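# Results of the structural survey
For reference, the chains in residue letters:
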Amino acid sequence: MIVEREQDLAVLAKAVSSARQGRGQIALIAGEAGLGKTSLVSQLRRQSGGSISWLWGGCDALFTPRPLGPVLDIAADLGVDLDPTLEGGARAAVFANIVQKLETLSATTVIVVEDVHWADHATMDFLKFMGRRITFLKVLLMVTYRNDEVADNARLTQVLGEFPSGVTRRITLRPLSRDAVTRLADAAGQSGEGLFEITDGNPFFVAESLVARSLGKQHVPNSIQDAVGARLSRLSDEVRGFMQLMSAIPWPVPPEFAETLVEGGGSAVFEAVERGILVPDEAGDLRFRHELARLAVLERLSAPRRRSAHETILAKLIDHYASPPLDQLVHHAAGALRTETVLQYAPLAAEQAARVGAHKEAAEHLGTALRFVDSASPEEAAHLYERWAYEAAVTDRIDNEVIDARRHAITLWRALGRKEKVGENLRWLSRLHWYRGEAAESARIADQAVETLASAPPSSERAMAYSLRSQLHMLNDEMDQAVAWGHQALEMESQFPDPEVRVHALNNMGTAMVFRGNEAGLDLLLDSLNIALRHDLHEHVARVYTNLAEYAVEFRRFDLAEDVLTEGLAFDTEHDLDTWTHYLSGRLAQLRLEQGRLNDAVQISQGILSLDHLTLLMRLPSLQMLARSSMRLGKSHAGSLMDEALQDALATEELQHIVPARLTLVEGHWLNGNLVAARDQLDALMGLGEKDRHPWNLGERDVWARRLGGPDSQPCSVDYPKPIKLELGGDHAAAGQAWDELGMPYAASLARLASADHALMSTAFSDLHDMQAEGALRCASRLVDQAGLKVTRPSRKRGPYKAARTHPLGLTQREQDVLALLADGFSNKEISDRMSRSTRTVEHHVSSVLGKLGVSNRMAAMLRVRSEPWLISAHGPAEPARTRSR
């Protein structure tokens, strides 16, 4: 009997109707355990008739969740053969196969995924994948979860929050009212006195209490365990023992397997189902009528009895199935404390999970095995440590435990005399330290990896170690060494062909060359990009786009930068490479800053910094740009942002981050008239000597030395760019013109301000005013007064400035409104209704939006907005971004 759920059913019925019309919907049904989420879905199915196809999958409370458990259930019902895909390890292809199958179905389809609070990461990726594409399917995706168990699951919270609001209906179930509880008691022929107070309106508690009373219990139990216990006490010893075994199985159990658990299992199963303790699910498999009942039985078992239950189930799994489910074997072997079985099956289960992209679950399986590592052989233990460290790091866990696991593996391989394995693990250990911003330790260990592998037979492992050394030199602006090590990597790779090694080394060498002004490096970068694309090495593709974009922006090749950033952001978004998207967005902010579009730089940076779970390296470009743009805009919080950016840059020990952070502080102190502090930062830059070979950074350093009235730097062999040479030569008018030709009005304004020329300074005033560079304008007023000149400051225009009316990608306000609705899953017709514009006009706006985003369809546009929230955030005053607590 369903009570007080009429409004929720109406919402779901409307969602079904929209799905029938070809506009996919999402329904999120939340509530604590026992509030009737499954009952609500089942009632909808009963009242929807037979014209709808239903696909049902659920997540199980295993020690380690079954990778893609509900997805595999759904795919099986769809008739999608996933075996080839799974063997290939292409998780995205698994999801794409399901979507393609759904597109061919004529009937409306309802997909139910239950209990996603227990979902593995791969299943959450499936939900994210479906959510981004649901608008184009005749599908209602229904997701149930316990909202009281989501708070600590940041990944699930993020996935649920990213569903497009225009097609998402959120239902939060509430406890029943006192009147509803009384009606349920009346329907059961019992008194409802005191029932509401004891159950607090939880439907499951109410139902269990009523059942307990019907079994002769005179008083309502004080807890659900007592209620379930009261029911079990009425069963025979055989059935009660069967239910205790079933309580140790946290997934639906096929009836034929359930019957094998105890002698006379058929009658035990029949009695449990007849009494309503076990119920069949959509596939006919048996599970407790409610998860709380199963947990209540399990918690009443003593530790020895629980271990014995796992032992019995493990033996039955091995006897009953020719190929038992690996995750179930690991679950029960761990519960039974069966060391050999855990060590046998946990690595296999981890490998299976990793193949479908469920790296968190793979790490958990291997973590289970590591609980028993003392009984493993040295080689087996070394494999476990290194594999666990890899899977844990893939899931962004790079803590001391992961570092220690790599070190354990190194120690064991060294004792076994396996130099190639020692070198390989040293290479990975170096990379871990680099991710943590520990550059010196990373370089030291990388040297060890190379030295170790140098004395081992040639191999692709040694080639990758050489390429890693090349990468570290490149990141530390040691470009000649980067190229030399890259050549060594390629030479060895020619003997042991490996596309990943070749892509990695070409990227390092190409980047090193272009940052030394050798444009032949562009060909190497493009070769790296093409090989990576050909072999579907997605992260390597993203890395090429990132390095190429950084070069194009920092060397002021803005046309190339616009193309690379557009292509790179579209690629990263399409392939769900969010980490790379966030870093690349920081480079887009840098491009807009250099172009004098200060508010655009703020908007992009704040959009990225507002996201959760960013590593130091992923957030640093946006933090640097927010600090510099806020300083130029004259915002009060700019000082704290600049200090934080320097601290984070110093943590990386990489000049590519440290030099820009100090240059920002030089400029910031100069704008504020604090010349002593500016010179302190400049002295730190001068102290780098020949370590910094970046021509634009070196030129900017020497320009600031001239502006601060200090001595010129020592002669430098680096050829400075044209506008810098002109200003250092005293030709401020030509320097300003050269900066303008590059599209850099702010740099042009600073060059003109240093001239003490009335006309040039007036032009600088006007341009800085158009950029809203209030911090620079205050400084300009001071410089004019010092020069004894009188320059009329432009009057403040009424209404918004031109810079505030623009968008980082050139979207008009109307196009931004269209993009926001498009991102929420609204159709062109619905957008036209909401905006009171004709469908043809909306189609024109949509076409323009797609072109400016560099994408070919609505889906790609929606994906970009998910990864780049600044695309639809409104312009406004720069506010302090949420910074990390230190």
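Everything below is about the structure printed above this text.
These notes cover the structure that comes with them. Keep in mind that this is a model prediction, so the values were computed, not measured. Along each chain, the written sequence defines residue order, and numbers are assigned to residues from 1. Local features are withheld for residues below a pLDDT of 70 in this predicted model, meaning they are given only at 70 or higher, and side-chain atom pairs are given and counted only at 80 or more; totals for whole chains, interfaces and linings count all residues. Just so you know, side-chain values use all the structure's heavy atoms and leave hydrogens and water out.

Among the six residues in strand 1 (residues 25-30), six count as buried, and that is most of the element. Side chains of strand 1 alternate between two faces, with Gln-25, Ala-27 and Ile-29 and Ile-26, Leu-28 and Ala-30 buried alike. Here, strands pair whenever DSSP counts at least two bridges between them. Only DSSP runs of H or I covering at least 4 residues are called helices, and only runs of E covering at least 2 are called strands; the numbering of each starts at the N terminus. As defined by bridge partners, strand 1 adjoins strand 4 (residues 139-145) across six bridges and the pair is classed as parallel. Across the sheet, Gln-25 pairs through a bridge with Leu-140, a residue of strand 4. In the sheet, strand 1 pairs with strand 5 (residues 168-172) via five bridges, with the strands oriented parallel. Within strand 5, the residue paired with Ile-26 across the bridge is Thr-168. When a residue's accessible area, from a 1.4 Å probe over protein chains only, is under 20% of the maximum for its type it is buried; when over 50% it is exposed; and in between it is partly exposed.

Taken in spatial order, the five strands line up as 2-3-4-1-5 in an open sheet, and their pairing is parallel. Looking at which strands have only one partner, the edges of the open sheet turn out to be strand 2 (52-58) and strand 5. Shown here is a sheet whose adjacent strand axes are inclined to one another by a mean of 15°, direction ignored. Pairing analysis gives five bridges linking strand 3 (residues 108-114) to strand 4, with the strands arranged parallel. In the strand pairing of strand 4, Val-112 is matched with Met-142. By definition in these notes, contact holds between two residues if any of their heavy atoms fall within 4.5 Å. Axis geometry follows a simple rule: fit a line to the C-alpha atoms, using only the stretch in contact for helices, then measure angles between N-to-C directions, giving values from 0 to 180 degrees. Strands in contact with helix 2 (residues 37-48) are strand 1, strand 2, strand 3 and strand 4; relative to strand 2, the strand with the most contacts, it is inclined by about 165°.

On to helix 3 (residues 69-78). An α-helical turn contains 3.6 residues, so a residue and the one three or four places further along point in the same direction. For helix 3, the set of buried residues is Gly-69, Pro-70, Val-71, Ile-74, Ala-75 and Leu-78. Buried residues along helix 3 sit against strand 2, helix 5 (91-104), strand 3 and helix 6 (121-133). Count one or two residues on from helix 3 and you reach Gly-79, which has phi positive near 80°.

Before going further, it helps to examine the nonpolar core. With 147 residues, the main nonpolar core has Leu-768 and Leu-853 as its most contacted residues. Dropping the residues within four chain positions of it, Leu-768 is found in contact with Tyr-746, Ser-749, Leu-753, Ala-773, Ala-776, Leu-777 and Ala-780. For our purposes a nonpolar core is just a set of buried Ala, Val, Leu, Ile, Met, Phe, Trp, Tyr and Cys residues, chained together by side-chain atoms within 4.5 Å. The next biggest cluster of nonpolar side chains, apart from the first, holds 114 residues, and it includes Leu-317, Leu-343, Trp-388 and Leu-432.

Further remarks concern the environment of Leu-533. Considering the arrangement of structural elements, one finds Leu-533 in helix 27 (residues 520-534). Accessibility expressed as a relative area gives 36% for Leu-533, which makes it partly exposed. Separated by 216 residues in the primary sequence, Leu-533 and Ser-749 have C-alpha atoms spaced 42 Å apart. Excluding residues that lie within four positions of it along the chain, Leu-533 makes contacts with Val-541 and Phe-571.

This brings us to helix 32 (residues 616-633). When the terminal C-alpha atoms of helix 32 are compared, their 25 Å separation across 18 residues agrees well with the 26 Å that a helix rising 1.5 Å per residue should span. Here helix 32 lies mainly inside the structure; 17 of its 18 residues are buried. To estimate the expected span of a helix, count its residues, drop one, and scale the result by 1.5 Å.

Turning next to the packing of aromatic side chains. Stacked, edge-to-face and tilted labels apply to pairs of Phe, Tyr and Trp rings (six-membered ring for Trp) whose centres lie within 6.5 Å, assigned for plane angles under 30 degrees, over 60, and everything in between, in that order. Taken as a whole, this structure holds twelve aromatic pairs when the rule is applied. For the pair Tyr-390 and Trp-428, a centre-to-centre distance of 5.5 Å together with 75° between the ring planes defines the contact as edge-to-face. One end of the pair, Tyr-390, is in helix 20 (residues 378-394); the other, Trp-428, is in helix 22 (residues 419-435), and 38 residues separate them in sequence. Between the aromatic rings of Phe-515 and Phe-555, the centroid separation amounts to 5.4 Å while the plane-to-plane angle is 90°, which identifies the pairing as edge-to-face.

Direction vectors running N to C along helix 32 and helix 34 (residues 655-671) enclose 15°, while the axes themselves pass 10 Å from each other. The angle between helix 32 and helix 34 falls in the class roughly parallel. The interaxial crossing formed by helix 32 with helix 34 has left-handed handedness. On the side of helix 32, the interface is formed by Leu-617, Leu-620, Gln-624, Arg-628, Met-631 and Arg-632, while helix 34 contributes His-657, Pro-660, Ala-661, Leu-663, Thr-664, Glu-667, Gly-668 and Leu-671. In these notes the angle categories are as follows: under 35 degrees is roughly parallel, over 145 is roughly antiparallel, 65 to 115 is roughly perpendicular, and the rest is oblique. Should the near helix be turned anticlockwise from the far one by less than a right angle, the crossing is left-handed, and should it be turned clockwise, the crossing is right-handed.

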